Amino acid sequence: MREELPVTYKHSELYWSLSPEDLLRSLRTSREGLTAQEAQDRLARVGSNALQTGRRAVPLRLFLSQFRSPILLILLFATLVSGVVGDWMDAAIILGIVLGSVLLSSAQEYRANAAVQRLRDRLKTRATVLRNGQPREIAAEEVVPGDVVLLAAGSLIPADGVVLESKDFYVSQAVLTGETFPVEKRAGPVANETRLIERTNCVFMGTSVRSGTARAVIVVTGRDTEFGEIARRLVLRPPETEFSRGIRRFGLLLSEVMLILVLIIFGINVYLNRPILDSLLFSVALGVGLTPQLLPAIISITLSKGAHRMANQGVLVRRLDSIENFGSIDVLCSDKTGTLTEGTVLLDNALDLNGQPSERVLRYAYLNASLQLGLPNPLDQAIVARPPRHLGAVTKVAEIPYDFVRKRLSVVVEEGGARTMVVKGALEAVLQVCAVVADGERHAPLSTEAQGRILERYAEWSSGGFRVLGVATRDVLIQSDYTRDDEHDLCFVGFLVFSDPLKPDAEGAIASLARDGVKLKIISGDNRLVATHVARAVGLSVGNVLTGATLAQMRDEALWQAVETTDVFAEMDPNQKERILLALKKRGHVVGFLGDGINDAPALHAADVGISVDSAADVAREAADFVLTERDLGMLHQGILLGRGTFANTLKYVFIVTSTNFGNMFSMAGASLFLPFLPMLPTQILLTNFLTDFPAMAIGGDRVDPELVAGPRRWDVGFIRRFMLTFGLLSSAFDYLTFGVLLLLLRTTPEQFRTSWFLLSVWTGLLILLVLRTRRAFYRSQPSRALLVLPAILAGLAVVLPWSPWSQALGFGPLSGPLVAALGGIVVLYVLASEVAKRAFYRRPGL
């Protein structure tokens, strides 16, 4: 018989007041975790550890969601009215065109959603749990109540749980409680009435480990967590990017203006005693034809195609609407390690006080690095890769994990019945807790002179680009536990000197970024000498180097000035990195930050664009908007250019739709005033809209001229307004020229007039795509194959329709040769006039 589901707890129940043993018993688990089979059974019964069910895109749901558009609902109402009054042919044609548009949008959106989901699947958060008593890395969504998770600095906590054991374990839970500083978590029950902020034995979903290690049992998962409870009360959504906000405001403004004008046109037609039903259908169809209803779909398609191209270049997009900000970056901030240097840290040497190779120093360093259980790091890996000749029988007794305040790590080892504390860390941080120095076999007090000699060697090596750590030891008494308070009166035994060679292409990559309008600034936790050496080697200005100590004394106003003239920031802590980014943003820059460490998370949040790598700490990767498959400036530069190209293609559609929509609206409004008949039937307006919108779907994959990605670009509604007025009025002028030719010279019938204007609207609408997609002369900019083929096919289809079997149902009639030739002449003149206007428009200063 299958075991019943163990006791589980909701966010409001008092599991924090139980002892660890009682809690493990109630969850039917142990300190060694669950078996793989039991975990699988619980996952099936409890469900995924996610705040939302994560429904994937379903074609039917996407199809139905298209009908949330008020314009489409109005059009369907008009279709119903046509059927009620017996005009079944018009009703069928309108419904067919609407369904065609909806099918097209939903199909493209489905492909876009599927592409984004594939990218997200590559970036899932992982957690380390004990299964069958062994550590195993799994997706965070698979964590279940009763799982025992292993946590270390940099881990994201996957669900709510209780600490079973810990060592100097500090958690940043500002995302949940708003606390500024990390709080210590330790085992042991707390009182029933303890508030969330005071539950020192609990860890919560969404928070992150700042330092130390711990083992915790998961109690609550998914939507029953504290974070899930907040999510149920609030509609949580990420901050709106400038691009999304601009698109939303632009779409609303354009739709509101068009709706008002359509109502005016309807009122005028009714006032002129034209049939109310025809006037209603004409006005509604005009609104559908002129409202940019495909704008959200086109943007989604364009951004998803851009995300695909970026993924192929090794840049994974976590938020589609961040692509515009990515292309707008003009200042990129990054650490030097792995970006300007190879990131393959090597231990050059272990040296004693006199700078001589020392097997003793290497042995102590190896013990410290190989026995620590905190977050893996390149320095420790480099030490472990070079073991000493003689290690001996050594047992680890305790560990005091690394943290970003102390900047050192200690282990206590036992050998031959005696215990020794071995400390390794930043040189100055190690010297702070030293009282003695080892000079050969002799120990002497750490005098000012001795400390001066140590710092002199440190400066010499650092100026050569080497990373230098200190090693110190102390014999300690046998006791049950050791804490950071035991780090005192140590003996400084020597140096560890690391090298990280410069990347051969770093200088060229920085120069390429600068040519494309992106300035690099180094923000490093390393000492100023190392940072300055690297910066000078890659061609950055080192005239002004700002250190963390200096920055701590600066007011914000002074920092706003300093960030403009400083390219190297050294010895910075996480909060100072954030201050620098905020100062750059205050000066109007769009700031990107590339980081992969635990201490980079605040800066990644503060930047306009957070960029990390797929090997980064969980907390850093989750804070980023983009994830690189490799930490490479060339890859990042390519990603920025692709982001600019994606934004440029989005703007192409915005420019074209605003100008043509405005021109058509102006023409329709005027024509409905002086013509004794409707200038175009509702079905013809919808068909025109469908034929001219269809190739716009290909804009997302269009080629982009180099000048459009040569510098950062921003959303500019004023520029769009000027573009709309210039080319919209030009389009309208040629519409009125066409009216004059058709009515005064050729004296066409209403059927011929509508057919002629339909052909002209389709031809000019398709050709204007090729003209306005580029700032160059259209014949000097090569569009994508799809943007060439689709307009050609649809232009041919438009020519065939007046002579097709459906011409009468659509209200078309055949045209004479001279009439078609006249229309062709007008189209040629329109294209030439658009080219002249485009050249004059972009000749203005600042464009």
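Structural data are supplied above this passage.
The structure presented is a predicted model; accordingly, all values stated were derived computationally and were not measured. (Residues numbered from 1 in each chain as written. Predicted model: local features only at pLDDT ≥ 70, side-chain atom pairs only at ≥ 80, totals over all residues. Heavy atoms only, no water.)

Colleague: Now, about the overall build of the protein chain: what can you tell me, with residues and values included?
Modeller: Along the protein chain, the regular secondary structure elements total 29 helices and 23 strands. The buried share of the protein chain, taken over its 847 residues, is 54%. For the protein chain, the share of sequence-separated contacts (at least 6 apart) that also reach a separation of at least 24 residues comes to 74%. Working note: accessible area of the protein chain is about 36500 Å², and carbon and sulfur atoms make up 57% of it. (Helix = DSSP H or I, 4+ residues; strand = E, 2+ residues; numbered from the N terminus. Buried < 20%, exposed > 50% of the residue type's maximum accessible area, 1.4 Å probe, protein only. Contact = heavy atoms within 4.5 Å. Areas by Shrake-Rupley, 256 points an atom, 1.4 Å probe, with all protein chains shown as cover.)

Colleague: Any details on the sheet that holds strand β23 (residues 626-628)? Residues and values, ideally.
Modeller: Spatially, β8-β23-β22-β21-β9-β18-β20-β19 is the arrangement adopted by the eight strands of the open sheet, whose pairing is mixed. Of all the strands in the sheet, just β8 (315-317) and β19 (545-547) have a single pairing partner and so form its edges. Taken over all neighbouring pairs, the strand axes of this sheet differ in orientation by 20° on average, direction set aside. Relative to strand β22 (residues 609-613), strand β21 (residues 591-594) runs parallel, the two sharing three bridges. Within β22, the position partnered with Leu594 by the bridge is Ile611. Against the sheet, helix α20 (residues 574-586) touches β9 (331-334), β18 (519-523), β20 (568-570) and β21, its axis set at about 160° to β21. (Pairing = 2+ DSSP bridges. Axes fitted to C-alpha atoms, helices over the stretch in contact; angles between N-to-C directions.)

Colleague: A description of the pattern of salt bridges should follow, citing residues and the corresponding values.
Modeller: Summed over the entire model, instances satisfying the criterion amount to 28 salt bridges. Between Arg389 and Glu359 there is a salt bridge, and its shortest N-O distance comes to 3.8 Å. Separated by 30 residues along the polypeptide, Arg389 in the loop between α13 (378-384) and β11 (395-400) and Glu359 in helix α12 (residues 359-371) bring together distant segments of the chain. Classification of Arg389 as exposed rests on a relative accessible area of 67%. We classify Glu359 as partly exposed; its relative accessible area is 28%. (Salt bridge = Lys/Arg side-chain N within 4 Å of Asp/Glu carboxyl O.)

Colleague: Explain the nonpolar core residue by residue, including any values.
Modeller: One finds Phe326, Leu340 and Ile611 to be the most contacted residues of the largest nonpolar core, which totals 60 residues. If we ignore the near neighbours within four places in the chain, the residues touching Ile611 are Phe326, Ile329, Leu332, Phe593, Leu594, Gly595, Leu604, Ala624, Phe626, Leu628 and Leu636. Among the nonpolar cores identified, the runner-up in size contains 57 residues, and Trp715, Leu787, Val827 and Val831 belong to it. (Core = buried A, V, L, I, M, F, W, Y, C linked by side-chain atoms within 4.5 Å.)

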